[in-house]
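Chain and residue survey
Listed below, chain by chain, are the residues.
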Amino acid sequence: TVFVFRPPMRRRNGKKAEDKSKEKAPLDEEDEDQPDSVTKELAGVRFSYLWKICYVLFGLAAACYLGYRYSSFLKLLHENDMWFSQISELEREISFRTESGLYYSYYKQLVNTPLLSQGLHDLCHDNTTESSRTINIIERFNIFQEIVLAGLYKWLSPRVDPVYFYIDAVFGLQALYVVALFGSAWLLSDSLLAGVLAVAFYLFNWIDGTRVPVAVPLRESFALPFIAVQICFTIVSLKHHNVNGLSQVITMATVFFSSLLVALTWQFAQFVFLLEGFALFAVQVMGIVPTAKVHCLMLCQTIALVVVSILQFFNTMLLGSLFISFTIAATVVFLVQGYQNPRGRTLITSLAKFVFSIVAVLSLTVLVHVIVKRLLSIDEDEHVYKFVSAKLGFTPRTNLRDFDALIYLCEPAFKLQPLDTYQRLMVTWMLQCYCSVVIVLLARLFHNLYYLITSSGTAFTTFEPSLKPHYAFIVILNAFFCFVAATTLRFKVLCVPYMCVLAAAGVSDHTMWTAVLQRVRIKGKPLAEMIRFVTVTVLIAALTYREIPKLQKQAEELREFYDPDTVQLMNWINTDTAPDAIIAGSMQLMAGVKLCTGRTITNHPHFENKLLRERTLQVCGSVYFTSTHVHTHTYVRIHVGYRYQGSSAQKYIEPYIKEALI
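Keep in mind that this is a model prediction, so the values were computed, not measured.

Definitions and cut-offs
Residues numbered from 1 in each chain as written. Predicted model: local features only at pLDDT ≥ 70, side-chain atom pairs only at ≥ 80, totals over all residues. Heavy atoms only, no water. pLDDT = per-residue confidence, 0-100. Contact = heavy atoms within 4.5 Å. Disulfide = S-S within 2.5 Å. Buried < 20%, exposed > 50% of the residue type's maximum accessible area, 1.4 Å probe, protein only. Helix = DSSP H or I, 4+ residues; strand = E, 2+ residues; numbered from the N terminus. Salt bridge = Lys/Arg side-chain N within 4 Å of Asp/Glu carboxyl O. Phe/Tyr/Trp six-rings, centres within 6.5 Å; stacked < 30°, edge-to-face > 60°. Lys NZ or Arg CZ within 6 Å of the ring centre and 35° of its normal.

**Description of the confidence of the model for the chain**
When pLDDT is averaged along the chain, the result is 83, and 81% of the positions lie at 70 or above. Segment residues 20–25: pLDDT under 50, and 0 contacts once partners within four positions in sequence are set aside and those in other chains are kept. Here residues 457–463 is modelled with pLDDT under 50, and outside its nearest four sequence neighbours on either side it reaches 13 contacts, counting other chains as well.

Below, the structure written as structure tokens:
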């Protein structure tokens, strides 16, 4: 049998197999190349993630370094201005003027007490700060920082004097302040250069930005760093307002705890919170930030105030603060709006809702505030409203006869902002940059406002704000800070730092440079980025080259604390008066007497108490405004309870009284 095969069929089958192999070959090659492409993509993601981590770590390291340098600079200024390390202990204490000396006296008292618990008990039942009256110091004053520092000093037992441990802690907080300002500018503009420029502006304008070198124990020296941290994390919350989850919980917790520390350390924290509340409500009314986010931020600050009130033995002044009343009023308005941004179907309804929101929240705030003050019988803050009324011109100076308002109006720290402040800010180019940035940002802000009023229905839901939420908040908040600083010199420490932040952030912002360069027909993101980087770098270098020699000259100026009259007075009180003697005099001087001698005093500079204000009026009216020193001696012996120690005391003090009368 012969088997015959068909080679063509085999050839045909072979051809098909060959064709199939050729068709499958590219697929196999793609399968082999696919893992390489995925690996490259993962490697790119990892590199990008690693780059971001390194970038953030480098920025934090730069911020910490600049904060450390700033803190060291302030400490050097304080040392060279007073020769603090070489003067006597008594002179160091006298250098803490007015209320600074009063607050430091409680730290000194706690450090010198054998047991901290005994010291706290003495503060809760104090009868030496206001003669013939037992008061709770922890309730009346914000001295939690002194309690914490005294406790740390006793626990750590460092090899430094208590005064150095105290002032080093304050200077260390200023480093945190600079880090927070650095972070705020960085977050606003997404540029590391903005943080560096903001710190440069702030450092070169330190004279108008801080009072720490001349008044270390002031409440604001402790509170302002925590205010900066709170505002920094408020920026984080507003910048990522659509993000929920763990990151938002951490952000809100940080806002709460920083607000708590601010309220613990400064009696005027409630007014700073009120300005922040105004700014938050404004961005909500303009439809830039969701209502729920604004309400959450305001509640964090409100709860912080309530907690501090409880810690201060139910301090009613905090419970009756304007900010808590404003939060209640804003909550009612939010509920009426149904947590929706105010808008209408037509221009008229949109404008009506916009105006209604503002008028309603202000009216309800006043109503709630009056009701709460009546229910809780709060009168500790009356002097603040009298001062504000006189400052804004609601009470004519010619008809003003109120002692509480006049005593503030006579203080240099509560005068109008002098023109030389603006001249100094212009010398460092900060004011010019600030004004340029604010003009652009206000234009965008008014564009948002115009679109809010004119848009309706679904058009508003698709609206993308031309000014980002965190920028809008800082612009409005700084506007309030500037208004307060322009009317009251003392509060420029609130305004100037955030002028520096806004100026630096605006000058370094990517989107702002792109928009400006497009106006002059320069397009292309790489080119715009290069121009921005070069310009900001040159500005920082020019500022550094110009201003660093001035700072070095300021640091090299050597002075010495010299006040022989006050030193002689304190030595006389310590040697020629009984330990239980009661001293009367001006508020500023009495704080020093309390610190340096430990004697009982009649009044002090902490003015947030109605009975104390009445006593101060009696002391000033009956002691300093009498016609003869004989009447003064009689009043002091009868009403104040001061006991003279022989003829030497009368011989010593009579020239001071006669000089005061003249």
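**Quick look at the state of the cysteines**
With the rule as written, the count across this model stands at 0 disulfides. No disulfide involves C300; its sulfur sits 4.6 Å from the nearest other cysteine sulfur, which is in C296. You can call C300 buried: its relative accessible area is 10%. You can see C495 has no disulfide; the closest cysteine sulfur is in C482, sitting 3.1 Å from it. Residue classification places C495 among the buried positions, given a relative accessible area of 5%.

**Some details on helix α27 (residues 587–597)**
Among the 11 residues in α27, 9 count as buried, and that is most of the element. Inspection of α27 places M587, M590, A591, G592, V593, K594, L595, C596 and T597 among the buried residues, and these make up the whole buried set. Positive backbone phi, at 75°, marks G598, one or two positions downstream of α27.

**So, the side chain of S131**
Tracing the backbone shows S131 in the loop between α4 (116–124) and α5 (137–140). S131 has contacts with I582, T600, I601, T602 and R615, leaving out every residue within four places of it along the chain.

**Observations concerning the pattern of salt bridges**
Per the stated rule, a full pass over the model turns up 20 salt bridges. The closest approach of N and O atoms between K75 and D168, which form a salt bridge, is 2.9 Å. One end of the pair, K75, is in helix α1 (residues 7–82); the other, D168, is in helix α7 (residues 162–189), and 93 residues separate them in sequence. In this structure, R559 and E557 form a salt bridge, with 2.9 Å as the shortest nitrogen-oxygen distance. Given the relative accessible area of 45%, R559 is considered partly exposed. We classify E557 as partly exposed; its relative accessible area is 32%. If you follow the salt bridges from partner to partner, you end up with E99, R211, E220 and R490 in one network.

**Here we look at the packing of aromatic side chains**
On inspection of all chains with the given rule, the structure shows 25 aromatic pairs. Here Y104 and Y107 contribute two aromatic rings whose centre-to-centre distance is 5.4 Å and whose plane-to-plane angle is 45°, an arrangement assigned as tilted. Placement of the pair is Y104 and Y107 together in helix α3 (residues 98–112), with a separation of 3 residues, close to one helical turn. Across the pair, Y107 and Y104 agree in class, each one buried. Residues Y166 and F222 carry aromatic rings whose centres are separated by 6.0 Å and whose planes lie at 70° to one another, so their mutual orientation is edge-to-face. Here Y166, found in helix α7, pairs with F222, found in helix α10 (residues 219–239); they are 56 residues apart in sequence, far enough to count as distant. One exposure class covers both Y166 and F222, and it is buried. Positioned above the aromatic ring of F84, the side-chain terminus of R92 is 5.6 Å from the ring centre.

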